[in-house]
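Here are the chains, one letter per residue:
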Protein chains: 2
Amino acid sequence: MTADYFDRHRDLLDRAVRAIATREFWSAYPESPSPRNYGETAGEAGRQAFEALRGGTFPLQVDGAEPLAGGERSPFGFDLHISYPRLSPQDSVAASTRALARWRRAGPRAWVGVSLEILQRLNRASFEIAHAVQHTTGQGFLMAFQAGGPHAQDRGLEAVAYAWQELSRIPEKVLWEKPQGKQDPVRMEKHYTVVPRGVALVIGCSTFPTWNGYPGLFASLATGNTVIVKPHPTAILPLAITVRIAREVLAEAGHDPDVVLLAPHAAGDDTAQVLATHPGVAIVDFTGSKANGEWLEQHARQAQVYTEKSGINTVILDSVDDLQAAARNVAFSLTLYSGQMCTAPQNILVPRDGVRTAQGRAGFDEVAGAIASALQALTADEAKAGDLLGGIQADATLARLDEARDLGLPVLAQSRAIAHPQFQGARIRTPLLLRADARHPAIRREWFGPIAFVVETADTAQAIALARDSARDHGALTMSAYTTDPEIAHALRDAAEEGGVALSLNLTGGVFVNQSAAFSDFHGTGANPAANASLCDSAYVANRFRVVQARWHV
Amino acid sequence: MTADYFDRHRDLLDRAVRAIATREFWSAYPESPSPRNYGETAGEAGRQAFEALRGGTFPLQVDGAEPLAGGERSPFGFDLHISYPRLSPQDSVAASTRALARWRRAGPRAWVGVSLEILQRLNRASFEIAHAVQHTTGQGFLMAFQAGGPHAQDRGLEAVAYAWQELSRIPEKVLWEKPQGKQDPVRMEKHYTVVPRGVALVIGCSTFPTWNGYPGLFASLATGNTVIVKPHPTAILPLAITVRIAREVLAEAGHDPDVVLLAPHAAGDDTAQVLATHPGVAIVDFTGSKANGEWLEQHARQAQVYTEKSGINTVILDSVDDLQAAARNVAFSLTLYSGQMCTAPQNILVPRDGVRTAQGRAGFDEVAGAIASALQALTADEAKAGDLLGGIQADATLARLDEARDLGLPVLAQSRAIAHPQFQGARIRTPLLLRADARHPAIRREWFGPIAFVVETADTAQAIALARDSARDHGALTMSAYTTDPEIAHALRDAAEEGGVALSLNLTGGVFVNQSAAFSDFHGTGANPAANASLCDSAYVANRFRVVQARWHV
């Protein structure tokens, strides 16, 4: 190896391992794109790097690859026209398997050291990645920078920290001495070798390709597996840049760059299915739809499968000090990236006779109206609203908006198209807010995107039971609730535990239920159908490697 | 809770956690049945306790249970005539689910404390359990005591130590303070609650019901799950005693005894399948046949499934200092409990042109003859051989012996019936040793029981490749090899790592490849088809619980 990246990043690694233990606030990579953090020229250099990629062949040298026209289109209104080098699924697995033999022998310090160096270089490329994320996912620039750059890198580092924590507790060897009464003890030397599972597949999603892709990528890589990264056909570029940087680091360190491969493919083909069920693939990490995630769980039986699918997130309103502050917070959660977040709320449960406030009881209509008004206020200034809402990533989300309108439910806030001052063709929509009864079937399915329901419940008890059962039966990544009553707070925590869903209580300030902080918040619990794993915990990394021992007498 | 078992056993727990980190020799429960360890009266009291159970109703108070005639028969030649209280699978899951609600809330210290107290009381009952193990599995008394008692308890404690290690790293709460430049930081309190998966099922095996059953039982119990123990119909008693003791501890501590339930059933019914695929069952631990293990992996899709199935274990002879010592060690491994151990060797690979020794080259026939002679010597004294060989547990194993004889392969050592001085009707058999070519299909399947093959290979390189591929394709729990050549030792370690199988090198003394020591040896790797998990590691426990967080501003 040409460089010992492990020693270079050892302090950072130790700090990250402390952070996952205490779960205090900590971040390795600055979330502000300020020049103070990234230098005066980084912003412009990143923009130019992105522009240089448009209309060309993505610079990735892969033996035997054929060009694939990417077909990516920015939700802000233009085509990227980038072509990517593509191997067939069979050739991808073959190349990854060839790279595995030597990568396996490199051992834990090399796996972790290379992972940490890749993360550092990804951080330096945060602006380039931000533009790539913005113009594939439709996120506004600041969100694309933060969630696609430093926050994603933090999640990757978190996975490396968990991996190292598990790897470092396997001793390399031990002298085993078993007493034999008056005779000499039996003495054996035992050696423990960490062996990776094999070839890992990371299936990227269309909305958060790096944030949701890095945990699996780095959890597998840091435990000695080789990784094939298969991006969503509409969001290839952010992961292509990631793979390019990973391969640069691998090559510089004297490893086979094919330890990390990109598997771009055209929409609608069977690349994902062929790769995921290939007998040579041992691990699959997936973020995406419920249907695709369940297909993988059913069919990729030869592999360890980690899925984050979808869910129905609920807000419960019982009692508040300040209704306007609560309504603003909820409205912001619906507006941010047009609800195209797996953590965004969908069903807002309000008791039939309203909500207690410091100013007395607010009726159901008043509560629903406060949320609708807050939505209106957040999106009134179109010049600003465009960056907050971002673009609609998928045609299916636009179609879902139409479908929701056709439900015939009373409209509390209409979804409006908004123009972006910078991007003419951007497709931007404000959230549609509908009123529904607790028995309406619409609230029992996911409406991914800017669609939410204010749901009338008999009382708070029914709301809590509904939220719990919905999480347990349909999955949920978040639950948010407002109450000033300690007994109800206790019942809410119990319901969250039974539903296996993270609870946020009384968010009225600058923290939103959508947000999940690396090193502190577990993203997903693995305890309801929304995800079979959590980002990130021991369970997420411990089964990506195995230990083979050898023993002999000394 | 009436007693804080956690504090009482805290030192033991800390010691066990240290042991799994260093993997030095350590044992919590003395393996010698000496009165110095267990007291002067323990042996006789245990025998009487066992005798008192024969011909009666097993003392277990379970609401709504119906008696089930057990049908257990000692391989030493008598029926046990014990009946057990039985609930239907549906009622078992319902009772376990009822017990779960309160057990979940008891929290990690209660789960771990109760588990440790159960283990201590199991240790006190080691003699009673030893007789129960002997007269269901056919193990000789000393093995039944050690493997069924203290060694099994050590494996249970090991699982509790891994569980506690994972549980204890989840902080109960943290104050999360995120800096906001010149403004006040965002301050949140975050609480992390460990929640169990739910109802766990332990499917016991017929040969090592406690040793193979305790890891799953205690891994699940110590992480807050309730446990249904389903013994093999021919080896109910050891697990019935275990469940009786667990329920006593639970009741004394003020918990619902139904946290641990026994699910005895008649041979050939569908209790295992119904329980394992019940939507209310979240975890399945299984030890048994390849066919049943694979059925569970395919069908118990709603659960986390941990299996130890079967494999083909290989010995490779390349070069030795002392051929007789090597042959004795191999022969002992074949003889111990008549090869009815998942770790016992089956295929003994010897190069066509023999083995280098300190006295020059020993030809193939000489090597095969040395092993056959060692088998003969070990079993010549029938009075002693009966306890070493033990009884044949299953009719299927006797039938398999006949089938092996009918292969028509050259016989190196014939299987003989042996009388036991104490038990008239015991069915005891010495190992059958056959000679086979490396291409013979017989060596590519498992022959569980006293059946082994000396296999002629072209050379050592072919032997190593065969052992590696056999482990990878058919599974293996152990690999044993003899070589004096460091380069071949290196190649063997590499092959073991690729085959995902634990390697023992040059065992010639009092350690045998069959043996696996808790806290030091990983039993199974989870890296080949013999087992999808290892006893015991972080991966074995970390996914038996999940974490649900709640956060709010302070």
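Residues numbered from 1 in each chain as written. Chains lettered and ligands numbered in written order. Predicted model: local features only at pLDDT ≥ 70, side-chain atom pairs only at ≥ 80, totals over all residues. Heavy atoms only, no water.

Colleague: Kindly report on the packing of aromatic side chains, identifying the contributing residues and their values.
Modeller: Aromatic rings considered in pairs are described by the distance between their centres and by the relative angle of their planes. For the coordinates displayed, the defined rule picks out 34 aromatic pairs over all chains. For the pair A:Phe127 and A:Phe141, a centre-to-centre distance of 6.5 Å together with 25 degrees between the ring planes defines the contact as stacked. Residue A:Phe127 is located in helix 7 (residues 126–137), and its partner A:Phe141 is located in helix 8 (residues 141–148); the two are separated by 14 residues in the primary sequence. Judged by relative accessible area, A:Phe127 falls into the buried class, the value being 7%. One aromatic cluster is present, built from ring pairs that chain together A:Tyr38, A:Phe127, A:Phe141 and A:Phe145. The ring of A:Trp447 is capped by A:Arg445, whose NZ or CZ atom sits 3.7 Å from the centre of that ring. The lysine or arginine in question, B:Arg23, covers the ring of B:Phe522, its NZ or CZ lying 3.7 Å from the ring centre. (Phe/Tyr/Trp six-rings, centres within 6.5 Å; stacked < 30°, edge-to-face > 60°. Helix = DSSP H or I, 4+ residues; strand = E, 2+ residues; numbered from the N terminus. Buried < 20%, exposed > 50% of the residue type's maximum accessible area, 1.4 Å probe, protein only. Lys NZ or Arg CZ within 6 Å of the ring centre and 35° of its normal.)

Colleague: Got a sec to walk through the relation of the copies chain A and chain B? Specific residues and values, please.
Modeller: The two copies are related by a screw operation: chain A maps onto chain B through 180 degrees of rotation and 0.0 Å of translation along the axis, at an RMSD of 0.0 Å. Such a combination of rotation and displacement between the chain copies is what one expects of a two-fold axis. For chain A, the smallest separation between a C-alpha atom and the rotation axis is recorded for A:Ala539, amounting to 3.1 Å. Both copies present the same face, since 100% of the interface residues in chain A are matched by interface residues at the equivalent positions in chain B. (Least-squares fit on C-alpha atoms with pLDDT ≥ 70 in both. Contact = heavy atoms within 4.5 Å.)

Colleague: Summarise the packing of helix 7 (residues 126–137) of chain B against helix 8 (residues 141–148) of chain B; cite the residues concerned and give the values.
Modeller: Residues and elements named next belong to chain B. Following both chains from N to C, one finds helix 7 and helix 8 inclined at 120 degrees, their axes separated by 8 Å at the closest point. For the element pair helix 7 / helix 8, the angle class is oblique. For the crossing formed where helix 7 meets helix 8, the hand is right-handed. Here Ser 126, Phe 127, Ile 129, Ala 130, His 131, Val 133 and Gln 134 of helix 7 come into contact with helix 8, specifically with Phe 141, Ala 144, Phe 145 and Gly 148. By residue class, the composition of the contact of helix 7 with helix 8 is seven nonpolar, four polar and no charged. (Axes fitted to C-alpha atoms, helices over the stretch in contact; angles between N-to-C directions. Parallel < 35°, antiparallel > 145°, perpendicular 65-115°, else oblique. Left-handed = near helix turned anticlockwise from the far one by under 90°. Nonpolar A, V, L, I, M, F, W, Y, C, P; charged D, E, K, R; others polar.)

Colleague: So what's going on with the nonpolar core? Which residues, and what values?
Modeller: In this structure, A:Leu237 and B:Leu237 are the most contacted members of the largest nonpolar core, which totals 238 residues. Residues contacting B:Leu237, with those up to four places away along its chain left out, are B:Phe50, B:Leu53, B:Phe58, B:Glu72, B:Leu80, B:Ile82, B:Tyr84, B:Ala132 and B:Thr136. (Core = buried A, V, L, I, M, F, W, Y, C linked by side-chain atoms within 4.5 Å.)

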